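Chain by chain, the residues run as shown.
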Amino acid sequence: MESRASITSTAAAAALTATGLAACLQTGFYFSRSLYVPAGLWLGAGALLLLRRACAGRRMAAAAGSAKGAGGRRYAARTALAAGETKAARGRPHAAGTALAAGPALLAALYAARLAAGPLSAQATADALLRWSWLAAMAAALGCAAAHPRGRALLRAGWGLMGLLLAASALAALYGLLPLPFAVLRTADSGIAASGARLGGLLQYPNTFGAVMAAFVLQQLLRLAGLPATAPLWQRLAAALPALPYALCLLLSESRGSWLAAAAAWALAALLACGETRRRLCAASGLFLAGGVLLYRRLMQAELAPAPWLGLAELAAVWGLALLLALPLCQLAGRGPRPTGPGRSLLAALGGLGPLVFAAGCTAAACLMPLGGSEAAGGLRTSLSTLGARQLMYRDGWELFKEAPWLGQGGETWRSAYRSVQREPYVGAVMHSGWMDILLNLGTIGLVITLLWLGLCGWNMLRNRSEWLAPFVVLLFHASVDLDMAFGLYWLLLLWAAALGLVHVVPGSDRQSAAWLGARLASQGRLRRRLPQLSVWQPLDLLSPAMPSLDVPPSDPLSPDVPSLAPSNVLPPNDLSRNEPSAAEVSHEGLPSGELSPDTLAPVMPPLNISRDALRPAVLPSNPLSLDALPPGMQPPAAPRDALPLGVQPPNIPPPAALPPAALSSRRHPRPHFRPGPFSAAGRALRKPAVCVPGPARLRLPTRLLAAVMAAALAVMSFGSWQMHRADRLYRSALRAAEEPSAVHRLEKALALNPLQPDIREALAERLGTDRSVPLLRQGIRYNPKRPELYWLLADAYAARGDRRAAALWTEAALLDPFDPVKQTGALRGLTALTELKRAHGKGQEARKLAKAGMDLYGRYAGLYASVQRLQELRNDRGFRLTETAQELARTLAVYAGEEESAFSRLASNRPDFNRRSRPLPL
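The paragraphs below set out a description of the structure included in this document. (Residues numbered from 1 in each chain as written. Predicted model: local features only at pLDDT ≥ 70, side-chain atom pairs only at ≥ 80, totals over all residues. Heavy atoms only, no water.)

### Observations regarding the overall build of the protein
Along the protein, the regular secondary structure elements total 33 helices and 2 strands. Among the 923 residues that make up the protein, the fraction classed as buried is 53%. For the protein, the share of sequence-separated contacts (at least 6 apart) that also reach a separation of at least 24 residues comes to 78%. Accessible surface, the protein as shown: approximately 41200 Å² in total, 61% of it carbon and sulfur. (Helix = DSSP H or I, 4+ residues; strand = E, 2+ residues; numbered from the N terminus. Buried < 20%, exposed > 50% of the residue type's maximum accessible area, 1.4 Å probe, protein only. Contact = heavy atoms within 4.5 Å. Areas by Shrake-Rupley, 256 points an atom, 1.4 Å probe, with all protein chains shown as cover.)

### Describing unusual backbone geometry
The phi dihedral of Q204 falls on the positive side, at around 65°, and the residue is not glycine. Mapped onto the fold, Q204 is located in the loop between β2 (197-199) and α7 (206-226). On the accessibility criterion, Q204 (42% relative accessible area) is partly exposed. Phi is positive for R465, close to 50°, though the residue is something other than glycine. Relative to the elements of secondary structure, R465 occurs in the loop between α16 (434-464) and α17 (469-479).

### A closer look at the packing of helix α25 (residues 740-753) against helix α26 (residues 758-767)
Packing of α25 against α26 leaves a shortest axis separation of 10 Å and a crossing angle of 145°. Regarding α25 and α26, the two cross each other, and that crossing is left-handed. Within the contact between the two elements, α25 uses E740, A743, V744, L747, E748, A750 and L751 and α26 uses I760, R761, A763, L764 and R767. In terms of residue class, the contact of α25 with α26 is made up of 8 nonpolar, no polar and 4 charged. (Axes fitted to C-alpha atoms, helices over the stretch in contact; angles between N-to-C directions. Left-handed = near helix turned anticlockwise from the far one by under 90°. Nonpolar A, V, L, I, M, F, W, Y, C, P; charged D, E, K, R; others polar.)

### What to know about the environment of A238
Along the chain, A238 turns up in helix α8 (residues 233-240). Its relative accessible area of 44% is what places A238 among the partly exposed residues. Residues A238 and Q220, 18 residues apart in the sequence, show an inter-C-alpha distance of 9.5 Å.

### Quick look at the side chain of E762
Mapped onto the elements of the fold, E762 is located in helix α26. Overall, E762 belongs to the buried group, its relative accessible area being 11%. A polar contact is formed between the side chain of E762 and the side chain of R787, at a distance of 2.4 Å. Excluding residues that lie within four positions of it along the chain, E762 makes contacts with R787, E789, L790 and L793. (Polar contact = N/O pair within 3.5 Å; in protein donor to acceptor, adjacent residues only side chain to side chain.)

### Points about the environment of R279
By the element assignment, R279 lies in helix α11 (residues 275-301). Taking the relative accessible area as the measure of exposure, R279 reaches 31% and is therefore partly exposed. In the structure, R279 is positioned 54 residues away from A333 in sequence and 5.4 Å away in space, judged by C-alpha atoms.

### What to know about the packing of aromatic side chains
One pass over the full model with this rule turns up 16 aromatic pairs. The interplanar angle of 85° and the centroid separation of 5.1 Å between the aromatic rings of Y30 and F31 together place this pair among those described as edge-to-face. Here the aromatic rings of W398 and F401 are separated by 4.9 Å at their centres, their planes lie at 35°, and the arrangement is tilted. Of the two residues, W398 and F401 are both situated in helix α14 (residues 374-401); the distance of 3 residues between them amounts to about one turn of the helix. Owing to a relative accessible area of 41%, W398 belongs among the partly exposed residues under this scheme. Taken together, the ring pairs in this structure connect W132, W453, Y490 and W491 into an aromatic cluster. Above the face of the F31 ring, R33 is positioned so that its terminal group lies 4.7 Å from the ring centre. (Phe/Tyr/Trp six-rings, centres within 6.5 Å; stacked < 30°, edge-to-face > 60°. Lys NZ or Arg CZ within 6 Å of the ring centre and 35° of its normal.)

### Observations regarding α16
For an α-helix the count is 3.6 residues per turn, leaving residues at separations of three or four pointing the same way. Taking 1.5 Å of rise per residue, 31 residues should cover 45 Å, yet α16 covers just 27 Å from first to last C-alpha, more than 12% shy of that figure. At L442, α16 shows its maximal bend, which comes to roughly 125°. Backbone geometry just downstream of α16 places R465 in the positive-phi region, at approximately 50°. (Expected span 1.5 Å × (residues − 1). Bend = angle between axes of the 7 residues up to and from the residue.)

### A look at the pattern of salt bridges
Tallied over the full model, the rule gives 25 salt bridges. Where R395 meets D396, a salt bridge forms, and the shortest distance between an N and an O atom there is 3.7 Å. By relative accessible area, R395 is classed as partly exposed at 32%. A relative accessible area of 0% places D396 in the buried class. The shortest N-O distance in the salt bridge between R805 and D803 comes to 2.8 Å. A single network of salt bridges, built from pairs that share partners, joins R419, D759, E762, R787, E789, D817, D820, K823 and R878. (Salt bridge = Lys/Arg side-chain N within 4 Å of Asp/Glu carboxyl O.)

### Digging into the side chain of S169
Within the secondary structure, S169 is located in helix α6 (residues 149-174). Within the structure, S169 has its side chain in polar contact with the backbone oxygen of L166 (distance 3.1 Å). When residues no more than four places from it in sequence are discounted, the contact partners of S169 are L164, L178, L180 and L202.

### Digging into the packing of α16 against α17
One way to put it is that α16 packs onto α17 with a least axis distance of 12 Å and a crossing angle of 165°. Taken as axis vectors, α16 and α17 run roughly antiparallel relative to one another. The interaxial crossing formed by α16 with α17 has left-handed handedness. Packed against α16, whose contacting residues are G434, W435, L454, C457, G458, M461 and L462, the element α17 presents L469, F472, L476 and A479 at the interface. Looking at the contact of α16 with α17 residue by residue, the classes come out as 9 nonpolar, 2 polar and no charged. (Parallel < 35°, antiparallel > 145°, perpendicular 65-115°, else oblique.)

Dropping the structure here:
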């Protein structure tokens, strides 16, 4: 019968795999609306589990209290603690899950604080709060799944399924087998694509797609290099099969940043690998890179539009040849000669520099060899163009960071305010640096928390020399220069690699000991199943003094060189799980008394060398062997059989022969192989063997309160996620509705469900009258103080009522988006119409003031255009210009204001400060 931990980890891994596949199909969860349903499900499930945990803790404390009152206060409390609470502790999340979930939970708390303080975009901050809460739940589930061998196996399978889905769908769309309209980015701008086409796959963004493919191909190469020479053929073939498609997708993404990040991560992995694994890694990497470059050149010549059957034939030929050569090449590389003599140190030094040289050569080949002629110049122009655009973003982003350096300004700060701070009219609504985006959203505090969280995860993976370190590093490196962190799939893959890397043991590091342990357990498996399950704190070295102690951790159960799985109660020291089987879970029926002799137990159980002091709290009445082996002074008081809880009652087994007293261990500082968690019940009992267990009210109340508070918070966020999902569906159905009354009704209902969404307010304000739209838009400006569209609509509403406050609102809209010629010209048109209206009603003084305000607005507009024209290298992606209509309207306003032509000409000579407001808006 499977344990509860195994079932929990299996269910968590299956749910995580389903979520990961859904993220691949939903554009990587880039859009916030695609995350509402999975976040609602995960947060709701987390709330239920926490509530169940709080209620279970209360029932457990009540059971312990009743056992103490029935008789034998000290012994019954310790028995209930060791038997019941140790079993409950097995279902707790893995410690790695707690460490992984701590970072997202802290960032979610910062977003909640920023939402309460008033961000630039309330809706974006609420979406960020929801996203990071979902990531915390995913991290906890990943840690729970990775704590068990079966869960780790399913997580590995889920990782492979996501990679195969992304690569297979992209290549199928490329060869015309699958209709994906946005899988291939086609453009005539050589600054975006050197050959006119780039592969983006299901993510629809080539740069992030390239980074994700780099993570998958590195993990696959390391997996292939880590397999021993005795691994079965099917395992080596399965490890080599997806490598070429991943490498081809990486090259076709044409992402220079992904190529450089992959080369850096590959060099780090090669330097950390041993000699045999390093040689296999270099051989497999060179072979699959050569095959990928060959296919890449053919596809680039066809501009990513190959003939379907001919292209598929070429792909199959190169793929099959690479697979045929990869397996024997890795075998030969693993059997490389071992130098001896005086030249050994020199060859060892050259071997350490070899990965760096190989990485540099691969990077140069990937960047230059596939291109030729004008395409090489186009590739160089692409790199310089994207680098220059990022420098402009970083410069303007730094100025925006200075406005709130400590706690930031909330979610999507750059998207909300970049138009008001940009110095050139470039297009970039998303910051092309994940770290800069975090700095703008959460300030220095949020960036420090993120760096510490990810740095600790990476450091632990580096200490373990995990094969998952390379995917983790390549994702982090590329996110520093692109918008990868805007994808929910990116964070999911990052957490996935971290969860497997924190508990993973590099295949081959302890291969001999693991193989010996597997063979030993396989030979004694039947006898072990017939033995009673002893407590993990018993003096097992008494039973087997001749067996050597296992000081090395067993390898990964999935490693092919291990014949059988290790028992569930033998854990590696670097595995963070401390789940011990309780004595109440093992049946003792039908066991002959003769099988409890020391000679029978000796070849099965390893020694633990536990001291006498550590034995006192862990002796259970279900094992009379341990009770008889202890001296009289260490035996606990007897308790009536009927007073014990159900499932802890001892079986009727006759005691065995007494053991010799010389077998008792004399170590005062034991290091048991079974180490309970610091917060587990067995750990508390082991640390305080002579102290009575506190009462349930003092021990369990803070834990239950914390679980209840967290459950309530998750339930509120889950409810809010479903509300946002319903509002988004109503909003989109209203946009498609042909009947105007039904559209207004749906928009009103959507706004009631989600009052933070500015798109709903704008769509509803355009369909409502002036009197109803004014309070609606004013409330929207309080939620989004730097959204120019709201100011524009409110200015139109005021102008329709003849209110002169429209002039200040048009001016503010122009200040928030100065490089939009449509808004600048529209503001001048509105001010001219309002001036003529005031003149028609005989309000000449008000008309003159409005005309002067229009002239000031035109002066800023013309001065900005003159300063832009003076720039030699200008990125005018938005098509900023001074329109002829604006010039005609300015002349009309000059006449209304009583200005001369010279004054009108003087307005374009200087550029006023667009980022300074002279007085508060009269809202």
